[in-house]
Structure formats: structure tokens, C-alpha cells
Amino acid sequence: MDETNTICPVILCGGAGTRLWPLSRKSYPKQFAQLLGRESLFQGTVRRMAEAGFAAPLAITGEDFRFIVTEQLAAVEQVARATLIEPQPRNTAPAILAAAFWLRESDPDALMLVAPSDHVIPDTPAFRARVEAAIPAARAGTLVSFGVTPTRPETGYGYLALTPEADPQGVAPQPLAGFVEKPDAARAAQMLTEGRFLWNAGIFLFSVKALIAAFSRHAPDLMEPVAGAVAQSQADLGFTRLAAEPWAQARDISVDYAIMEKAENLAAVPLTAHWSDLGGWEAVWQESGPDGQGNVVSGHALAQDCRDTLLRSEAEGLELVGIGLDNIVAVAMKDAVLVARKDRAQEVKDAVATLKAQGVAQATAFPRDHRPWGWFESLAVGERFQVKRIVVKPGGALSLQSHMHRSEHWIVVAGTARVTIDGQESLLGENRSVYIPLGSVHRLENPGKLPMVLIEVQTGAYLGEDDIIRYEDIYARR
């Protein structure tokens, strides 16, 4: 890609889908999970746009995910150009417009490549070639969508309708007649036969100027609140927090509904290479490469006399064994297990809604709680006690804090901990322990170069995470 055509990837990574529960949950959604290998879908998206011709990415995410974004970028040796924090979800239109306003301040002539963070596109060179072919049209003011060549009559996607004279296999942008809502099965089959329809991938290339002009014309009510949220944004530890008050006035609406279905300066680039939005467990099964019997087995799992089955255990010490299964998805974690017919796995979304209505924590909360300093997980819970494993990354530090209802006992099992209790500081190595009385002001830090692991035993009348008074925090958490 020509260096003069540098474009800014805008990566949307604030979603919290449930179709891949229990591995994907509201507190740790699928874009950050290792669903297909050792890297997350978010990291794969970043890598696709991490070569010459692409600027550093602009990430848009939510409050709960900001440190996960930073950590996962660092793991693939990338740094965001900026990370915009949405005060609350408002769908794709306000998020994309906020990115455009932010980019206009430093680079008003920029091109922005908008992409979801949870798609699978294995052929990176083919994807980049299609993006490069779209650059002249985008620079000329065209709003370019990327559509996937359909391989089946899919009813779960929206479609892009090309004009009759368009080339559905063309590399260059093709004239776009319009957008089609998710069809029924008969209409989907008809569109597949006609051959001039593409799945709407939700990937776009625009110039900043053309996009803002489109919003000004077709969704003018979004201009003032989103512009205000960007203008009044505040820097916070390398993040940019959009202002909450004006942001709350923005409509919750997708970019398709807001402008793309109304604009006239449209074109579509066909993506003929393989693509998946990994929208459910059946898609994970397919993308994982089933063996000769149609099975996908990962983690601590064993398939015996099974066919067309996915068995996946994400919990150390929990062996998942399938015997004589056919067309089954079974996903086991330490706190939740999903078992479903593969062709009904999409219904997991309804099951999660039921669990949430019943107040079941597993509906939304991930067993491993990620924090800016590392992570923790609960190992045992009983009346008036809880045992946790806490991992603090090198240089990480918990806030200076105290508790009203519990005391704690820490045992270091790996690395070195710097512990402060009521102003007294000490270093603890492996096999050393310390007691933190109820009400004591304390802090835990990792001064070493390796992760520090400790076991925490809490005792008290109330053990909730909200029993905390923060006095200082290097991550500026409230």
C-alpha cells in the first residue's frame, strides 16, 4: 500500500455479545477471548491492519474494557493512536462519528477504515488488496462498504444489493443499489441465485470529510451531542473519555440506519475471500477445522465415538468426555457448562437472558475478573469466607484501600510482593504471608519483572467487591 494513502483503522470493540456464552460474557466478550488459537479476535483484527499504509489504530470501547484493550494491544506489540471511551453504549453511528470528529482535529484529510473487532478474515493480503482498491473512491468522497460474497442463503445477515451492471467478483468498488434487511429463507435463497447480493460485513472506508458531511445531511440530530462529547472529552491515563452529558443525548442507532441507507454516494467492494463473524458456536466449530468425523476437541476434552460435535473445556482440572454424541456443542468452564444441539446453539442468547432475569451471576460475570493490574478468580466461597487467586503483572499495583466488613490473609506463591499496611511497607517473597486486619489501609504491588501470584483468604460478614474505600489509585479508577 502506498505510504501516501495511509489510513486510520477505527476498531469497534465495545460490544458484549452472548451468543458464545459461557466463554463470551458481558464482562469479557468474544472479541477478547481466545476462540481460535492463542490470539483474540481483537488482536487478529489489529494485525490485519498493522503494516505499511495503515496508521496506528483508533479503538472505541467501553469503560469496562479499556485496560483489556491496552493489554491485548501490548501483547501483539501494538499501541493505539487513541482509545475513545464511550460513557455508555450508543450503537455504531455515534461511535463512528466520534472517531471522525476526533480524527478531524489532527488529520482532516484522513481516511478511516471502520471494522468490528470480532470477525475472522484469514486471507490478510486479499483483504488489504480490496482496501487498497477502494482508496481512490473513498478519497473522492464515496462511502465504501465491504460486502462478503455469500456461500449460503443466510437469514442472519443484512445484505448489500449491487446494481445490475456491477461485477460481484470485482476488486474495485462496485455501484451499490441499496441495503437489504435480514431476509426470510425464501428471499435469501432467491438473492443467492441472483448473484448480485453481498453479506453486509459492517466494514467501511470513508474520508473524514465525507462521513461528517453525510451525518450532517442525513442524521443532523447526532452532530451536536457527539461533537460536544468529543470537544468536552478528557484525557485519562492514555485514554480519551468522551463527555457523558452530551453523549447521553445521542440516539442509539446503527451507522446503516443513520446514514448508509439514505446516502447516494455509495459503493461496495466484494470480499471474495473467506470471512466469518463467528456469530455462534456452530461457526466456531466450522472455523476450528473439524476432523474426519466432524469433531472439534480442545482443552481438556475427549471425544469417543462422536460425530459433528464440538467439545471444549476451558477449566484446568475439569475433563470433558463425550461418548456417542452427534451434532452436539459442549463447552465447560469452571462456573458454567453449555450443552446444546449444534443447530440450536444460537438459542443460548435466550438462555442467558433467562439466567440474567433469575439473577444468576454467570449470565454476565466472567469467572476471571480482569483489572488494569492483572486479574483474580475465586477458588472457593463459603459462609463468611472466600479464597481467591490474584495475579499482579510486573509493575502493577492495586489501589491504596480499606474494607469495612472483611479482613484478608495473603500468601505469596510466586514472585515478590510489596505490601503496605497502615503506612508500613515490606517485601514478601514466595511462601511468605501477611495478615490485613479489618479497616487497615493497605496496598499490594508487584515490583518485580515476573507476574506475582498470591492466594488471598477473606473472612468477614460481607465479601462483595463493592466493600472498598479507595484512597489512591494509579489507574484513576473511581
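To keep things clear, this report deals only with the structure shown in the data block. (Residues numbered from 1 in each chain as written. Predicted model: local features only at pLDDT ≥ 70, side-chain atom pairs only at ≥ 80, totals over all residues. Heavy atoms only, no water.)

### Section: the overall build of the chain
Definition in use: We count a stretch as a helix when DSSP gives it H or I for four or more residues in a row; a strand needs E for two or more, and each element gets its number in order from the N terminus. Within these notes, the globule rule equals 2.2 Å times the number of residues to the 0.38 power, and the radius of gyration is based on C-alpha atoms. Each residue's exposure class comes from its accessible area (1.4 Å probe, protein chains only) as a fraction of the maximum for that residue type: buried when under 20%, exposed when over 50%, partly exposed otherwise. We call two residues in contact whenever any of their non-hydrogen atoms come within 4.5 Å of each other. Accessible surface is estimated by sampling points in the Shrake-Rupley manner with a 1.4 Å probe; for residues, cover comes only from the protein chains shown. Asp and Glu are treated as the negative residues and Lys and Arg as the positive ones, with His and the ends of the chain left uncounted. Taken as the charge centre is NZ of Lys, CZ of Arg, CG of Asp or CD of Glu, depending on the residue.
Secondary structure summary: the chain contains 11 helices and 28 strands in total. On C-alpha atoms alone, the chain measures out to a radius of gyration of 24 Å, which is about the 23 Å that the 2.2 N^0.38 rule sets for 478 residues. Sorting the 478 residues of the chain into buried and exposed places 52% on the buried side. Partitioning the intrachain contacts of the chain with sequence separation of at least 6 by distance along the chain shows that 69% fall at a separation of at least 24. Accessible surface, the chain as shown: approximately 21300 Å² in total, 51% of it carbon and sulfur. Of the side chains in the chain, 45 bear a positive and 57 a negative charge, and the two mean positions are spaced by 2 Å.

### Remarks on the nonpolar core
Generally speaking, nonpolar side chains in soluble globular proteins are found buried as a group. To keep things clear, this is the line we draw: For the purposes of this section, nonpolar cores are sets of buried Ala, Val, Leu, Ile, Met, Phe, Trp, Tyr and Cys residues that join through side-chain atoms within 4.5 Å. The split of the chain into domains comes from an automatic or database domain assignment.
Within the largest apolar cluster, 64 residues are counted, with the highest numbers of intra-cluster contacts made by Leu-113, Phe-146, Leu-205 and Trp-281. Broken down by element, this core gets its largest block of residues, six residues, from helix α4 (residues 124-139). Domain assignment of the residues forming this core places at least three in each of domain 1 (7-271) and domain 2 (289-358). Core analysis: the next-biggest nonpolar cluster, separate from the first, contains 51 residues, Leu-97, Val-208, Ala-219 and Val-230 among them.

### Quick word on the pattern of salt bridges
Definition in use: Just to be clear on terms, a salt bridge is a Lys or Arg side-chain nitrogen sitting within 4 Å of an Asp or Glu carboxyl oxygen.
Evaluated as defined, the whole model comprises 25 salt bridges. In this structure, Arg-241 and Glu-63 form a salt bridge, with 2.4 Å as the shortest nitrogen-oxygen distance. Of this pair, Arg-241 sits in strand β10 (residues 239-241) while Glu-63 sits in the loop between β2 (58-62) and α2 (66-75), placing them 178 residues apart in sequence. Take Glu-63: its relative accessible area is 27%, and that puts it in the partly exposed class. Within the structure, one salt-bridge network assembled from shared partners comprises Glu-63, Arg-66, Asp-236 and Arg-241.

### Let's talk about the layout of surface pockets
Rule in force here: The method works on a 1 Å grid over the protein atoms by themselves. A cavity is a set of points holding a 1.4 Å probe that cannot get out, a pocket is an open set with protein on both sides within 12 Å along at least five of seven lines, and residues with an atom within 4 Å of a point line them. Grid points are joined across faces, edges and corners, and a volume is the space filled by probe spheres set on the points. Asp, Glu, Lys and Arg are counted as charged, while Ala, Val, Leu, Ile, Met, Phe, Trp, Tyr, Cys and Pro are counted as nonpolar; the rest, among them Gly, fall into the polar class.
Roughly 1200 Å³ of volume is contained in the second largest pocket. Forming the boundary of the second largest pocket are 43 residues, of which Leu-23, Gln-34, Glu-314, Phe-366 and Arg-368 lie nearest the centre. When residues of the lining of the second largest pocket are traced back to their parent elements, those giving at least two are α2, β12 (296-299), β14 (310-313), β18 (368-371), β19 (374-382) and β20 (385-392). Here the residues of the lining of the second largest pocket are counted per class, giving 21 nonpolar, 12 polar and 10 charged.

### Examining the sheet that holds β18
This is how it is decided: Two strands pair if DSSP finds at least two bridges between them. Helix axes are fitted to C-alpha atoms over the stretch in contact, other axes to C-alpha atoms as well, and angles between N-to-C directions run from 0 to 180 degrees.
Taken in spatial order, the six strands line up as β18-β19-β20-β27-β22-β25 in an open sheet, and their pairing is antiparallel. Lying at the two open borders of the sheet, with one neighbouring strand each, are β18 and β25 (433-436). Along the sheet, successive strands turn relative to each other by an average axial angle of 20°, direction set aside. Bridge analysis of β18 against β19 gives four bridges, and the strand direction is antiparallel. Residue His-370 lies in a different strand from β19, and its bridge partner there is Trp-375.

### A closer look at the sheet that holds strand β16 (residues 328-332)
With mixed pairing, four strands are arranged side by side in an open sheet as β12-β14-β16-β17. Since the sheet does not close on itself, it has two edges, and those belong to β12 and β17 (337-341), each with one partner. Taking the axes of each pair of neighbouring strands and ignoring which way they run, one obtains an average angle of 5° across the sheet. Two strands pair when backbone bridges link them, and β12 and β14 are joined in this way by four bridges, in the parallel orientation.

### Quick notes on unusual backbone geometry
The omega torsion of the bond from Trp-21 to Pro-22 falls at 10°, within 30 degrees of zero and hence cis. One can find Pro-22 in the loop between β1 (7-12) and α1 (41-48). In this model, Asp-308 sits at a positive phi of 50°, which is unusual for a non-glycine residue. The residue Asp-308 is located in the loop between β13 (301-304) and β14 in this model. With relative accessibility at 33%, the residue Asp-308 sits in the partly exposed group.

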